[in-house]
Structure formats: C-alpha cells, structure tokens
Amino acid sequence: MLNSFFRLKENGTSVKTEFLAGITTFLTMVYIVIVNPIILSSTGVPFDTVFMATIISAVVGTLWMGLFANYPIAIAPGMGLNAYFAFSVVGSQPGVSYQVAFGAVFIAGLLFIILSLTPFREKLIEAIPTNLKLGITAGIGLFIAFIGLRMTGIIVADKENLVTLGNLHSPEVLLALGGLIITLILMARNIHGALFFGMIATAIIAILTGHLEFKEGLVGSPSSPDLFVFGSPLQAFKDMIEYGLYAVVFSFLLVTLFDTTGTMVGVAEQAGLMKGKKMPRARQALLADSIGTTVGAIFGTSPTSAYIESSSGVASGGRTGLTSVVVAGLFIAAAFFGPLVGAVSGLSAITAPTLIIVGSLMISAVGKIEWNEFDEAFPAFLIVLTMPLTSSIATGIALGFITYPILKLVKGKGREVHPLLYLFAVLFFYQLAFLPHA
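Residues numbered from 1 in each chain as written. Predicted model: local features only at pLDDT ≥ 70, side-chain atom pairs only at ≥ 80, totals over all residues. Heavy atoms only, no water.

Participant: Is there a simple way to think about the environment of Thr 261 in this case?
Facilitator: Residue placement: Thr 261 occurs in helix H12 (residues 246-271). With a relative accessible area of 1%, Thr 261 lands in the buried category. Each C-alpha atom, one on Thr 261 and one on Ile 393, is 10.0 Å from the other, the two residues being 132 residues apart in sequence. When residues no more than four places from it in sequence are discounted, the contact partners of Thr 261 are Arg 121, Leu 124, Ile 125, Ile 128, Thr 256 and Leu 286. (Helix = DSSP H or I, 4+ residues; strand = E, 2+ residues; numbered from the N terminus. Buried < 20%, exposed > 50% of the residue type's maximum accessible area, 1.4 Å probe, protein only. Contact = heavy atoms within 4.5 Å.)

Participant: How should I be thinking about the pattern of salt bridges in this particular structure?
Facilitator: Side chains that differ in charge, positive against negative, can pair when their charged atoms come close. The tally for this structure, following the rule as stated, stands at six salt bridges. For Lys 413, the salt bridge is made with Glu 373, and the minimal N-O distance between the two is 3.9 Å. Linking Lys 413 in the loop between helix H19 (393-410) and helix H20 (419-434) with Glu 373 in the loop between helix H17 (352-362) and helix H18 (374-390), this pair joins segments that are 40 residues apart in sequence. Given the relative accessible area of 28%, Glu 373 is considered partly exposed. The salt bridge partner of Asp 375 is Lys 413, with a shortest N-O separation of 3.4 Å. Of the two residues, Asp 375 is situated in helix H18 and Lys 413 in the loop between H19 and H20; the sequence distance between them amounts to 38 residues. (Salt bridge = Lys/Arg side-chain N within 4 Å of Asp/Glu carboxyl O.)

Participant: Before we go on, may I ask you to explain the nonpolar core in this structure?
Facilitator: Side chains of a nonpolar character, in soluble globular proteins, are inclined to be buried together. Counting 38 residues, the largest nonpolar core has Phe 85, Phe 102, Phe 230 and Phe 252 as the members making the most contacts within it. At the level of secondary structure, the elements contributing two or more residues to this core comprise helix H3 (32-40), helix H4 (47-69), helix H5 (81-90), helix H6 (98-117), helix H11 (233-243), H12 and helix H13 (282-299). Among the elements that make up this core, the one with the highest residue count is H6 (nine residues). Those residues in contact with Phe 230, other than ones at most four positions away along the chain, are Gln 99, Phe 102, Gly 103, Phe 106, Gln 235, Ala 236, Ala 297 and Ile 298. (Core = buried A, V, L, I, M, F, W, Y, C linked by side-chain atoms within 4.5 Å.)

Participant: What should I look at first to understand unusual backbone geometry in this one?
Facilitator: Leaving glycine out, the prevailing phi sign among residues is negative, and the prevailing peptide bond configuration is trans. In this model, Arg 7 sits at a positive phi of 55 degrees, which is unusual for a non-glycine residue. Of note, Arg 7 is situated in the loop between helix H1 (2-6) and helix H2 (15-29). For Arg 7, a relative accessible area of 31% translates into the label partly exposed. For Phe 228, which is not glycine, the phi dihedral falls at a positive 50 degrees. Inspection of the secondary structure puts Phe 228 in the loop between helix H10 (194-208) and H11. Taking relative accessible area as the criterion, Phe 228 reaches 29% and is therefore assigned partly exposed.

Participant: Would you explain the pairing of strand E3 (residues 162-165) in this entry?
Facilitator: Regular strands place their side chains on alternate faces of the sheet. In the sheet, strand E2 (residues 155-158) pairs with E3 via four bridges, with the strands oriented antiparallel. The partner of Val 156 across the bridge, within E3, is Thr 164. (Pairing = 2+ DSSP bridges.)

Structure follows, in structure tokens:
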C-alpha cells in the first residue's frame, strides 16, 4: 500500500530508506521546537503555548506536503521570521502585542492560501531562470553548512573579521569534529543511512562522555493548545487596520513566499525531482506552508516555511512524501517527549555534522552554472554569496532577482526575462530599501 500510494519504486526508494530519511530530517530540524518557543516567549507568549503551536503547525504543514504533494520536504516555523516577529514587529512597534502580531501572521497566511490556489506561485517557479535555481541550491548548501559550523563553535564571531576559527580544544567542538569524522567515514564507505547512523554514534559518545544527560527524564505530558490567540479572524483584520500593519503583513508574505519557494526548488533539484523548469505537483506543495502558517498563527506561532534541513533527508535517500509523513509522526511524538527532545536538540554537536556534509553535497550545483555568461553567472554568484553572509535565503534570492533583469537589460536581452521577474525585482527593492526584513 505504501509502495503504490507514495510511488516508492517509481522514485527509486524503499520504505526503509524513507523512514531513515524521515528520522534524519527530523533530528536535524527538531531544534525548532525548543528554539522557537525561546525566541517567541521573549514577547510574552507562554512557552508551552508556542511549544504546542510549533508542533501543530509543523505536523499540519508537513503532513500536507507528504500526503498531497508527495515530496520529502518538511514544514515548520521559520528561523529568521520568528526573530522578525519578536524583535521587529512586537519589540519595536508601539502598542503591538503578540496577539495583534499573530493576527497579522494569520492574514498573511490567508493571502498565502489564496496565492497558492492560483497558478501564480507555480508560474513563479517556472519563471526563475535555471542559473538562479542552481544558485539557490548552492547558496542553501553554503548556508546550512555555515549553520552547522556556527552551532558547534567550530566557527565563532570575531570583531575584526566577523567570523574566525573557534576553540578546537573545547569539548563540544571536539564532539562535533568526532561526529563529523565518523559520518564522513560512513559516507565514504557508501553506508546506507550514513547521516542518521552518524548522529546515533555521536549521541552515544555524548552520553558516554557526559555531554548528553536526561535530567528531566524522557517523557512529559503535552499541555493543551490555545485556540485563536489573537481573538478571532475579524479581530485580526480590525487590528491590522487600527495599527496599520500592512507593511508587516506584506513583509511576512514576501519573505515567506520566496524563502519557501527557494527552499522547495533547491531541495527538489537536489533530489532530482524537477522536470526541466517545472516542479510537479507544485500547487499542492506550495499550499503546505501557507496552510501551516495559517494554522500556526491560530495556535500561536510565527510563519512556517519549508525547511532547508529537509536536504539532509534527501541526502539520506528520501525521495517521496513518506519521508515527510515520518517527520510529521515524529513531531507528534515530540509533544510527549519534550524532555528528551530538549536534551538532544540542546546539543548541536549531534546534528551539526549532518548539516555540514549536506552543504557540501548541495554546493555541487555551482558546477552547472553558466560561468562564461556574466549576466547569468553574477546574479547566481550573488545568491550563493549572500545567503550565508546575511543568514537569509530570502535576502539572497532578492539580490539575485534584482540584479538579473538589470544585467539582461543592459545586455539587450530584456525580452528573455519573464515579466514576473521584473515585478519581483521592484518588490524586492522596495522591501529591502524601505521595510524591515527578516
């Protein structure tokens, strides 16, 4: 039944491979159930409210992705967007409480659903030039590798050079390097599920060396979720008008639109699921994050997005929605294993090696970029460069989208550019120049 529903044989995969891929993706992104509540609770939202809302939105969005789109891509509240919510919307706008801000997220989610039901987002994917898509894939690879290096302290902040090599003698760095070496050996030996088994081996070492402890036990009862934390849909629209949150809604909409679209294209390219310039079942896939955002806002969390960590599951062999269903099931289980999840996700040395290795796999996309065509190469290069430097997929895409049509116009090739790219070049310029952004 699973074979036929998810078309496993057609996609060259198996139930075992999909389960391992799902577990791998979950372990690399489960940190969000701890990090998201920590960030959003700084605005006054109860930790337990965000914890449950994070899980609910992840389950709804990821299940939709798996069951209706059949893609191995996980959905959860996006990093960057939660910081924008906490510090740029609630933290800096007078009178805007977290309840009012969640109402703005809800409206953005509704607009997302409407856009996703139209051919607009599908056309957008088809409109993105091949070289920009390759740049997005490679940029995401560098970004997640940088995240992995930064999470473990292998790379640290530096006043002179912004970043520098960390303390290689610190216990967490040594644990991360040990996990990286183990995983690299498994990868080099072509061990199936190498990324997952690498994390298991690292976790065992962490337990034996005393770095991983379960002080609060393993299991805990989940709290009851809150419903419509912003009052009601009508109240959300009233608050948007009263507080003039049009720019906030637009920012949520634009950033999430391209964050998710870019991630989906990047992961689908990595998995070999793109059909030329088209992404099969794009509409069903694009509905996943818009529905996740809307449901998440109802229960109390910031906008959802497709997770770049999904590429770790793809690297482990995940090719179908069964991977996503496994991820969703593990998020449900996480609601009952809060103490266990908190302990594991609190030790980045376990998951960071996977992100570093996946980054190396995704960067191979740069080899397909047309470097001999400057008007094609430079926008792709800008995307690759700025994604990790700005810690934002959407910002990298924005700079690529702005420079691409400009270079084409001065080369006399303006007609080669899809009209949508001109539209979004203007919108991105406006957003970067005049609006706060994540």
